[in-house]
Amino acid sequence: MPSLFRKIFQTGIVTEPLGPDADEVVQLVKAVSVQAQRLFGRALAVREVDAGSCNGCEIEISGLTSPVYDSERFGIHFVASPRHADLLLVTGPVTRNMEVPLRKTYEATPDPKLVVAVGDCSQTCGVFAGSYAVTGSVDQVIPVNVFVPGCPPEPADILRGILTALNRMPPR
């Protein structure tokens, strides 16, 4: 055990700062929070659905909840049930095995609902195009409000997509 503490003290803190666009990212997260408050009167509830992706987009989505982006602090909550969600964040092409679960998830999400499809594969099927296991793009299965391009898109791009979807939603 003493060698572990020695190593910790020798190494020190090794995290890197967000980068030159840190202010823009903070402004994005704050804008999403303000828009969610305006539309729903509370935090934004997001349900993430992997419809058949390679998990590259999921890694970037999980970055939103990391200490760097800290979206939870700004009122973007990831929920376990579509019944509690305002927005579905869908990744990957829709596989044959996920077509029915994705439809059921969409139907279980209360109105008004938003769908943001994340990553190139959600729109074009990417490298999975033509596979026997793929039904097609997300918009062939459920209505999509916004596509976020990229392979995978950065967390800031995902935030921009969420904000775009919120801005397109009429106030209640």
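Refer to the structure printed above.
We now turn to the structure provided with this report. Given the structure is predicted, the values throughout are model-derived calculations rather than measurements. (Residues numbered from 1 in each chain as written. Predicted model: local features only at pLDDT ≥ 70, side-chain atom pairs only at ≥ 80, totals over all residues. Heavy atoms only, no water.)

1. Description of a nonpolar patch on the surface
Stated precisely, the cut-off is as follows: Patch building starts from residues that exceed 30% relative accessible area and form no salt bridge, then joins like charges within 9 Å and nonpolar side chains (Val, Leu, Ile, Met, Phe, Trp, Tyr) within 5 Å. Residue exposure ignores everything except the shown protein chains as possible cover, and the areas themselves are Shrake-Rupley values with a 1.4 Å probe. Salt bridges are counted wherever a side-chain nitrogen of Lys or Arg sits within 4 Å of a carboxyl oxygen of Asp or Glu. Each helix is a run of H or I in the DSSP string that is no shorter than four residues. Each strand is a run of E no shorter than two, and both are numbered from the N terminus. The buried label applies to any residue whose accessible area, calculated with a 1.4 Å probe on protein chains only, is under 20% of its type's maximum; exposed applies above 50%, and partly exposed to all values in between.
A grouping of Leu4, Phe5, Ile8 and Phe9 is seen on the molecular surface, where their side chains present a nonpolar patch of about 450 Å² in accessible area. With respect to the secondary-structure elements, Phe9 resides in helix H1 (residues 2–11). Given the relative accessible area of 70%, Phe9 is considered exposed.

2. Remarks on the packing of helix H2 (residues 22–40) against helix H6 (residues 155–168)
Where we set the bar: Every axis in this analysis is a line fitted to C-alpha atoms, fitted for helices over the stretch in contact. Angles between the N-to-C directions lie between 0 and 180 degrees. Reported orientations rely on four angle classes, namely roughly parallel under 35 degrees, roughly antiparallel over 145, roughly perpendicular from 65 to 115, and oblique for the rest. By convention, the crossing between two helices is left-handed when the near helix turns anticlockwise from the far helix through less than a right angle, and right-handed when the turn is clockwise. The contact definition used throughout considers only heavy atoms, calling two residues in contact when any of these lie within 4.5 Å. Gly is placed with the polar residues, together with every amino acid not listed as nonpolar (Ala, Val, Leu, Ile, Met, Phe, Trp, Tyr, Cys and Pro) or charged (Asp, Glu, Lys and Arg).
Contact geometry of H2 with H6 gives a least axis separation of 9 Å together with a crossing angle of 25°. It follows that H2 is roughly parallel to H6 by the angle criterion. By crossing handedness, the relation of H2 to H6 is classed as left-handed. Here Glu24, Val25, Leu28, Val29, Ala31, Val32, Gln35, Ala36, Leu39 and Phe40 of H2 come into contact with H6, specifically with Ala156, Leu159, Arg160, Ile162, Leu163, Leu166 and Asn167. Residues of the contact of H2 with H6, tallied by class, amount to 13 nonpolar, two polar and two charged.

3. A few points about the sheet that holds strand E7 (residues 146–148)
Spelled out, the test is: Any two strands are treated as partners once DSSP identifies two or more bridges connecting them.
Spatially, the five strands line up as an open sheet ordered E2-E1-E3-E5-E7, and their pairing is parallel. Strands at the two margins of the open sheet, each flanked by one partner only, are strand E2 (76–78) and E7. For this sheet the average axis-to-axis angle between neighbouring strands, irrespective of direction, equals 30°. Summarising the sheet, strand E5 (residues 114–118) and E7 pair through three bridges and their orientation is parallel.

4. Structural notes on the nonpolar core
Most often, soluble globular proteins have nonpolar side chains that are buried together. Where we set the bar: What makes a nonpolar core is a set of buried Ala, Val, Leu, Ile, Met, Phe, Trp, Tyr and Cys residues whose side-chain atoms join them at distances within 4.5 Å.
If you look at the biggest cluster of nonpolar residues, it comprises 30 residues, and the most contacted ones within it are Leu44, Leu87, Leu89, Val116, Ile162 and Leu166. At the level of secondary structure, the elements contributing two or more residues to this core comprise H2, strand E1 (44–50), helix H3 (56–64), strand E3 (87–91), E5, E7 and H6. In contact with Val116, not counting residues within four places along its chain, are Leu87, Leu88, Leu89, Val90, Val146, Val148, Gly161, Ile162 and Ala165. With 12 residues, the next largest nonpolar core counts Ala51, Val90, Leu102 and Val138 among its residues.

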